[in-house]
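For reference, the chains in residue letters:
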Amino acid sequence: MPKRTRPWAALFALCLGFFMVMLDISIVNIAVPSMVRELGTELTAVIWVTSVYLLAYAVPILPASRLGDRFGPKRVFVAGLLVFTAASLWCGLSGDVETLIVARAVQGFGAALMTPQTTAFITHLFPPDERGPAMGAWGGVAGLAMIAGPVLGGLLVDHLGWEWIFFANVPVGLIALALTVVLVPDWRPGNSHRFDVPGILLFGTGLVCVVFGIQNGQTYGWGTAFDIIGAGVLLLGGFVLWQRTNRREPLLPLRIFRHRDFSLGTASAVMVGFAMTSLLLVFVIYLQSVLGLSPADAGLLIAPLAVVSGGVAPFAGRLSDRVNPKYPLMSGMLALSGGLCVVSLVLIPVSEPLALLPGLLLCGLGVGFTFSPMNNVTINSVERPLVGSASGIFNTARQVGGVLGSAAVGVLLEARTSSSMAVRANEAAATLPAGIRQRFVDVFAAEAGSAGEFGGVPEVAVDLPAQARELVAQVTGAALTDAVKAAFLLPVGALLVGVVCAVSLRGPIGQDRSPDRMTVTR
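Residues numbered from 1 in each chain as written. Predicted model: local features only at pLDDT ≥ 70, side-chain atom pairs only at ≥ 80, totals over all residues. Heavy atoms only, no water.

1. A closer look at the overall build of the protein
Part 1 of the argument: Each helix and strand in the protein was counted, giving 21 helices and 0 strands.
Part 2 of the argument: A buried classification covers 60% of the 522 residues belonging to the protein.
Part 3 of the argument: Looking at the protein alone, contacts between residues at least 24 apart form 84% of all its contacts between residues at least 6 apart.
Part 4 of the argument: Entry remark: accessible area of the protein is about 19,700 Å², with carbon and sulfur atoms responsible for 66%. (Helix = DSSP H or I, 4+ residues; strand = E, 2+ residues; numbered from the N terminus. Buried < 20%, exposed > 50% of the residue type's maximum accessible area, 1.4 Å probe, protein only. Contact = heavy atoms within 4.5 Å. Areas by Shrake-Rupley, 256 points an atom, 1.4 Å probe, with all protein chains shown as cover.)

2. Here we look at the packing of aromatic side chains
Part 1 of the argument: Applying the stated criterion to the full structure yields 6 aromatic pairs.
Part 2 of the argument: Here the aromatic rings of Trp 164 and Phe 167 are separated by 5.1 Å at their centres, their planes lie at 75°, and the arrangement is edge-to-face. Here the residue Trp 164 and the residue Phe 167 both occupy positions in helix 8 (residues 164–167), the gap between them amounting to 3 residues, near one helical turn.
Part 3 of the argument: On the accessibility criterion, Trp 164 (37% relative accessible area) is partly exposed.
Part 4 of the argument: Above the ring of Tyr 53, the side-chain terminus of Arg 104 is found at 4.1 Å from the ring centroid. (Phe/Tyr/Trp six-rings, centres within 6.5 Å; stacked < 30°, edge-to-face > 60°. Lys NZ or Arg CZ within 6 Å of the ring centre and 35° of its normal.)

3. Things to note about helix 1 (residues 7–26)
Part 1 of the argument: Across its 20 residues, helix 1 extends 29 Å between first and last C-alpha, which sits within 8% of the 28 Å expected from 1.5 Å per residue.
Part 2 of the argument: Among the 20 residues that make up helix 1, 17 are buried, leaving the element largely enclosed by the rest of the structure. (Expected span 1.5 Å × (residues − 1).)

4. Some remarks on the packing of helix 15 (residues 326–345) against helix 21 (residues 489–503)
Part 1 of the argument: Taken N-terminus to C-terminus, the directions of helix 15 and helix 21 make an angle of 165°; their axes are 9 Å apart at the nearest point. With respect to their mutual orientation, helix 15 and helix 21 come out roughly antiparallel. The interaxial crossing formed by helix 15 with helix 21 has left-handed handedness. Across the interface between the two elements, Lys 326, Leu 329, Met 330, Met 333, Leu 334, Leu 336, Ser 337, Leu 340 and Cys 341 from helix 15 touch Pro 491, Val 492, Leu 495, Leu 496, Gly 498, Val 499, Ala 502 and Val 503 from helix 21.
Part 2 of the argument: Among the residues making up the contact of helix 15 with helix 21, the classes are represented as 14 nonpolar, 2 polar and 1 charged. (Axes fitted to C-alpha atoms, helices over the stretch in contact; angles between N-to-C directions. Parallel < 35°, antiparallel > 145°, perpendicular 65-115°, else oblique. Left-handed = near helix turned anticlockwise from the far one by under 90°. Nonpolar A, V, L, I, M, F, W, Y, C, P; charged D, E, K, R; others polar.)

5. What about a positive patch on the surface?
Part 1 of the argument: On the surface, Arg 244, Arg 247, Arg 255 and Arg 258 cluster together to form a positively charged patch.
Part 2 of the argument: Within the element layout of this structure, Arg 255 appears in the loop between helix 12 (222–245) and helix 13 (260–290). (Patch = residues over 30% accessible without salt bridge, like charges linked within 9 Å, V, L, I, M, F, W, Y side chains within 5 Å. Salt bridge = Lys/Arg side-chain N within 4 Å of Asp/Glu carboxyl O. Lys, Arg positive; Asp, Glu negative; His and termini not counted. Charge placed at Lys NZ, Arg CZ, Asp CG, Glu CD.)

6. A few points about the environment of Val 272
Part 1 of the argument: You can see Val 272 is positioned in helix 13.
Part 2 of the argument: Take Val 272: its relative accessible area is 1%, and that puts it in the buried class.
Part 3 of the argument: On a C-alpha basis, the gap between Val 272 and Leu 495 in space is 6.3 Å, while along the polypeptide they are 223 residues apart.
Part 4 of the argument: Ignoring any residue separated from it by four or fewer positions in sequence, one finds Val 272 in contact with Met 333, Thr 370, Phe 371 and Met 374.

7. Quick notes on the side chain of Thr 180
Part 1 of the argument: Along the polypeptide, Thr 180 turns up in helix 9 (residues 169–183).
Part 2 of the argument: Of the residues examined, Thr 180 reaches a relative accessible area of 1% and is grouped as buried.
Part 3 of the argument: With near-sequence residues (within four places) excluded, Thr 180 lies in contact with Ala 13, Lys 74, Phe 77, Val 78 and Leu 81.

8. A few points about the packing of helix 10 (residues 197–215) against helix 12
Part 1 of the argument: Relative to each other, helix 10 and helix 12 sit at 155°, their axes nearing to 7 Å. Taken as axis vectors, helix 10 and helix 12 run roughly antiparallel relative to one another. You can see that helix 10 and helix 12 cross each other, and the crossing is left-handed. Across the interface between the two elements, Pro 198, Gly 199, Leu 202, Phe 203, Thr 205, Gly 206, Leu 207, Cys 209, Val 210, Phe 212, Gly 213 and Ile 214 from helix 10 touch Trp 222, Ala 225, Ile 228, Ile 229, Gly 232, Val 233, Leu 235, Leu 236, Gly 238, Phe 239, Trp 242 and Gln 243 from helix 12.
Part 2 of the argument: Tallied by class, the residues present in the contact of helix 10 with helix 12 amount to 17 nonpolar, 7 polar and no charged.

9. Digging into the confidence of the model for the protein
Part 1 of the argument: On average, residues of the protein score 79 in pLDDT, and 84% of them are at 70 or above.
Part 2 of the argument: Predicted confidence is poor over residues 449–453, with pLDDT under 50, and the contacts of this stretch with residues over four places away or in other chains come to 22 contacts.
Part 3 of the argument: Within the model, the stretch residues 509–522 combines pLDDT values under 50 with 55 contacts to residues more than four positions away or in other chains. (pLDDT = per-residue confidence, 0-100.)

10. Regarding the nonpolar core
Part 1 of the argument: Met 35, Tyr 57, Ile 165, Phe 283, Leu 287 and Leu 356 are the most contacted members of the largest nonpolar core, which has 129 residues in total.
Part 2 of the argument: The greatest single-element share of this core, amounting to 16 residues, is contributed by helix 13.
Part 3 of the argument: Setting aside anything within four residues of it in sequence, one finds Leu 287 in contact with Gly 292, Leu 293, Ala 298, Leu 301, Ile 302 and Leu 356. (Core = buried A, V, L, I, M, F, W, Y, C linked by side-chain atoms within 4.5 Å.)

11. Concerning helix 10
Within an α-helix, residues lying three or four positions from one another point in the same direction, as the helix has 3.6 residues per turn.
Part 1 of the argument: An ideal rise of 1.5 Å per residue puts 27 Å on 19 residues; helix 10 measures up with 27 Å between its terminal C-alpha atoms.
Part 2 of the argument: When we look at burial in helix 10, the residues that qualify are Gly 199, Phe 203, Gly 204, Gly 206, Leu 207, Cys 209, Val 210, Val 211, Gly 213 and Gln 215.

12. Focus on the pattern of salt bridges
Part 1 of the argument: Going through the model one piece at a time under the given rule, you end up with 2 salt bridges.
Part 2 of the argument: Asp 186 serves as the salt-bridge partner of Arg 75, at 3.0 Å between the closest nitrogen and oxygen. Residue Arg 75 is found in helix 5 (residues 73–93), and its partner Asp 186 is found in the loop between helix 9 and helix 10; the two are separated by 111 residues along the sequence.
Part 3 of the argument: Exposure remark for Arg 75: the relative accessible area of 44% places this residue in the partly exposed category.

13. Here's the deal with the environment of Cys 209
Part 1 of the argument: When you line up the elements, Cys 209 lands in helix 10.
Part 2 of the argument: A relative accessible area of 19% means that Cys 209 is categorised as buried.
Part 3 of the argument: Along the chain, Cys 209 and Gly 230 lie 21 residues apart, while their C-alpha atoms are 8.3 Å from each other.
Part 4 of the argument: Leaving out residues up to four positions away in the same chain, Cys 209 has contacts with Ile 228, Ile 229, Gly 232 and Leu 235.

14. Regarding the state of the cysteines
Part 1 of the argument: For the structure on display, the rule yields 0 disulfides.
Part 2 of the argument: Unpaired in this structure, Cys 341 has its nearest cysteine sulfur neighbour in Cys 363, at a distance of 9.1 Å. (Disulfide = S-S within 2.5 Å.)

Now the structure itself:
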């Protein structure tokens, strides 16, 4: 086997590229308020910057693994890395939100090409008894990206501008490219797979319709949005029927869902992906737009969540090998939802940032106890020949949950902010002289959903008296706080659904937990 004596060097090169993929999920959230203000657009449009990346990442993962089998994982990884790096430069150069969204879609496609090849190489480079540490290192990269994303993103946005969260990928991508070419062997599995093109189109189009309908209901009206969502559901139903009737090589082998623990674990992964993406976005908006923290300070405040998670995760992984994994999984999701509830209780427009720490630390404990047990109980529930398909489906499910969470929390935040702003504006107007009350209320009618909600002073408010201008900021902060509290209900609800799924898990009884079974740790 080429370069078998340097597997860890090869893994380092692969993980450097994978680090950028995971970093670009978390780093963008810290820049959302800045993008809304500087691009002069609405929250819904900027949420698409995250959603389209996750969509373009989730849909091609399964076919991308087959590309690696046919053409070689190194070649597909290098192609994905080139696409990702070039798209990052395009993202930074984007002068409007529409161009940025298109560039992020291309970036997500590059990420989808890269990710399956990293896990394929681990099974090739490492013998069975050494794969555990290798997969642990691979999972640790995701944890490090969670820590570095908000902190690094905050520093870049503060000192250089939001564009640099994308520009920073370019030199790192070029270094990763050089290391991959030199250190990673050109392994060719030589497996010839069929590509389920109808399945890919049905799944991708259906998911896009559902996400578009959810995220743009406020913009186009919910009547039209429900029609689009319904079309998406029909397309996804058609996808399932096609997978049942496709006797050649379906994109999604449905027989794998006959394993009860795999089905329930995958459902839990969707819920956890939904919760993780939505809660980070909500935190960032509250910290920057309500408390007025800089992006760097907001990132530093969020960082303990990831630090605790990274510290607890190895213990949770070992524990899940000794006891039924469903119990630490249930404990983790309950702790994460409990932490969100604790944070929600202390949210006020003038909260002391350190008052959020107890809830954030409990969230970190929950995250640490969730991922390893969930991955173990899900992937280890299938026979060895299905492990590759199982890991691909599991990763796809988590990303689908993430994109749904991003879309749902975005539309709830905008809708709740607008409704709360109208109520609070009328209450505040009652304290002003009668001659300016209507002008004061009209400010919020004109600015609902736009940059005025994210720390900027609306242009239409400039002509108001000083007392009224001060009330504008107070009303905006109070309305956003109301919206954030309501938005926390979404990840909490998703996690409780995940707990219900975990309760029904059987655990490792009768399963083969031998070391040559490939598991994905994050």
